[in-house]
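# An overview of the molecular structure
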Amino acid sequence: MTGAQSLVRALESVGVETVFGIPGGAILPLYDPLMDSEKIRHILVRHEQGAGHAAEGYAQATGRVGVCMATSGPGATNLVTAIADAYMDSVPIVAITGQVNSKLIGTDGFQEADIVGITMPITKHNMLVTDAAEIPRAVAEAFHIASTGRPGPVLVDVSKDALQAQTTFSWPPKLDLPGYRAVTRPHNKQIREAARLLTTSERPVLYVGGGVLKAHASPELLRLAEETGAPVVTTLMALGALPDSHPQNLGMPGMHGTVAAVTALQKADLIVSLAARFDDRVTGNLDSFAPHAKVVHADIDPAEIGKNRIADVPIVGDAKEVLAELVLAVEAEHKAGHRADLSTWWTQLDGWRETYPLGHTPAPEGEVSPQDVISRIGAISGPESIYVAGVGQHQMWAAQFIQYENPHTWINSGGLGTMGFAVPAAMGAKAGAPDTVVWAIDGDGCFQMTNQELATCVINQIPIKVAVINNSSLGMVRQWQNLFYNGRFSNTDLHTSVGSRIPDFVKLAEAYGCVGLRCESPEDVDATIKKAMEINDVPVVIDFVVHRDAMVWPMVPAGVSNDAIQIARDTAPDFEEREN
Ligand SMILES: Cc1ncc(C[n+]2csc(CCOP(=O)(O)OP(=O)(O)O)c2C)c(N)n1
């Protein structure tokens, strides 16, 4: 067979069912046999960035590796943002790119780009294949590396002549990956030490990151939480790892986290970090972060441990195994009579929770409040739906005001903060989980970056629901201009609803063959969401025209200490008054 046929066969052999991509010259030999595959569904997107985000959404909704494809040069470079996004959020995707003929490589050939060089710092691994015989091994390695250990994106760049050459397909190929061995079993001694700290500390916090979801370790997390009785904070990447409704869940930490979650970390005497990475959006100023806390840091990637915060007890291992072992070790400590009394800690935590719950000021009269819209979508669509967000204020409100009760129901661009993520990622999630209701909660700015994938959704019968939270501006940037630049709104007005509708999102939706709805008054919010819930054969886009000066609170301004958390403009929580 040809190298291209061998590549299709290899993809089938690793179980690929869905691929998102766009053909072009260098990858044409692959698209020809792809047409004959009975196992692989190729979804033709409208922009390669959309293919990449769709692969990410698919991966996160299904737990499988997402696949995207592009031709050489501009096709491949259009994938770069999505690859970087997947790298930052540890999402397992494989990107297959066509490369120019191997004899042209290095000559500035037509549509030549050194995509292996370009993506070197943003892939877990990448490779250039110029020999057809190498294709099965390259594909097997790519899927193995993307999905094992700390997941991440892998790029396989295949030259056109390798796709065209004759070869023999043999499977399975022998994987020979010297230096690649993910440690999944944690060290016993470290586990015992962590359990000792967990059963003797007075103010422990379980700091849960996205890796707990990647490891499918929610059941083990629940057991550890309940065995220890410790409070839990779930990062932006970990929402749903423990149900929001669980009484020990204090919510999200970080720049827009709850007062209780942020303050619990600040005042903790022990932080048990479970597959989280002490991101600056969580720690604020690192020097003043959690000054009294000892740190147990568990991660499958040894490079994370001690990267930002020194760990007193480092644990390298898969979150599922780490958590399971920790439960046993804590049970053993309890049996030996070692149990911390957390009642004083919980009195404090409950006090912060009750005094400073999430909330928002009402919208000016007659206007729709964005927080209300998002919270009503969550309430009406329910915890079985998947919610995918863009980046900005709407993303933070979707994190704050939707109740996540199940793992893998919240998908967003956490590390890279990629505007334009929502629509294509929701498309990928819905392609992977067709029986689940999938909402994209998007901003009017983000939506204008990738809404062309609505065409892909209509044509391929992927009926997502899109809520455009239309504040007619780049809201998150406007918020910072409001707070830190004296209200000078340089280049953040989008003209999408105030004074003009450029574009008119309802007409745009209809032009794509979607149903377009508009909601401009608070009384219509529920009815509009319910109407969208009833439409399941085509995508629905709702233009929620909301007031533009709503702000995301609480907020820790960038780079300052988490102690400086504000609950509203110039308003800090008064902890002392509370204690009194
Ligand atoms: C690709 C990209 N460009 C720029 C930014 C910087 N940025 C962060 S949030 C934001 C505004 C987003 O506006 P919108 O989509 O309308 O959402 P809102 O904040 O109003 O909810 C911008 C420009 C980004 N995160 N990503």
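Residues numbered from 1 in each chain as written. Predicted model: local features only at pLDDT ≥ 70, side-chain atom pairs only at ≥ 80, totals over all residues. Heavy atoms only, no water.

### Overview of the environment of Thr361
Rule in force here: Helix and strand assignments come from DSSP, with helices taken as H or I runs of at least 4 residues and strands as E runs of at least 2, each series counted from the N terminus. Partly exposed describes any residue whose relative accessible area lies between the buried limit of under 20% and the exposed limit of over 50%, with all areas from a 1.4 Å probe on protein chains only and scaled to the type maximum.
Within the secondary structure, Thr361 is located in the loop between helix H15 (343–355) and helix H16 (370–381). What makes Thr361 exposed here is its relative accessible area of 64%. Sequence separation of Thr361 and Met551 is 190 residues, and the distance between their C-alpha atoms is 9.1 Å.

### Things to note about the site of the ligand
The cut-off we apply is this: Only a single heavy atom is needed: when it lies within 4 Å of a molecule or strand, its residue is near that molecule or strand. Polar contact criterion, stated in full: a pair of N or O atoms within 3.5 Å, where within protein one must be able to donate a hydrogen and the other to accept it, and residues adjacent in sequence count only if both atoms are side-chain atoms. The protein chains shown are the only cover counted for residues, whose accessible areas, like all others here, come from Shrake-Rupley with a 1.4 Å probe. Residue polarity follows a fixed list, in which Ala, Val, Leu, Ile, Met, Phe, Trp, Tyr, Cys and Pro are nonpolar, Asp, Glu, Lys and Arg are charged, and the others, Gly among them, are polar.
Taken together, 16 residues sit near the ligand, with His394, Gly417, Cys446, Gly475 and Met476 positioned nearest. Between the ligand and Met476, the relevant distance is 2.8 Å, taken from an oxygen atom to a main-chain nitrogen or oxygen of the residue. Protein chains shield 76% of the accessible area of the ligand, which is 590 Å² for the free molecule. Broken down by secondary-structure element, the contributors of at least two residues to the shell around the ligand are helix H17 (393–401), helix H19 (444–450) and helix H21 (475–484). Considered class by class, the residues forming the shell around the ligand number six nonpolar, nine polar and one charged.

### Re unusual backbone geometry
Here Ile502 and Pro503 are connected by a cis peptide whose omega angle stands at 0°. You can see Pro503 is positioned in the loop between H21 and helix H22 (505–511). A positive phi is found at Asp108, a non-glycine position, where the angle reads about 60°. Tracing the backbone through its elements, the reader meets Asp108 in the loop between strand S4 (93–99) and helix H6 (115–119). The phi angle at His408 is positive, at roughly 65°, despite the residue not being glycine. Residue placement: His408 occurs in the loop between H17 and strand S13 (410–411).

### Section: the sheet that holds strand S1 (residues 18–21)
Where we set the bar: A pair of strands is labelled paired if DSSP reports no fewer than 2 bridges between them. Each axis is a line fitted through C-alpha atoms, and for a helix only the stretch in contact is used; angles between axes span 0 to 180 degrees, taken between their N-to-C directions.
The six strands are arranged S2-S1-S3-S4-S6-S5 in an open sheet whose pairing can be described as parallel. Every other strand in the sheet has two partners, leaving strand S2 (41–44) and strand S5 (125–129) as the edge strands with one partner each. Across the sheet, the mean angle from the axis of one strand to that of its neighbour is 20°, orientation sign disregarded. Pairing of S5 with strand S6 (residues 154–159), which is carried by five bridges, proceeds in the parallel orientation. Paired with Val129 across the two strands is Val158, which belongs to S6.

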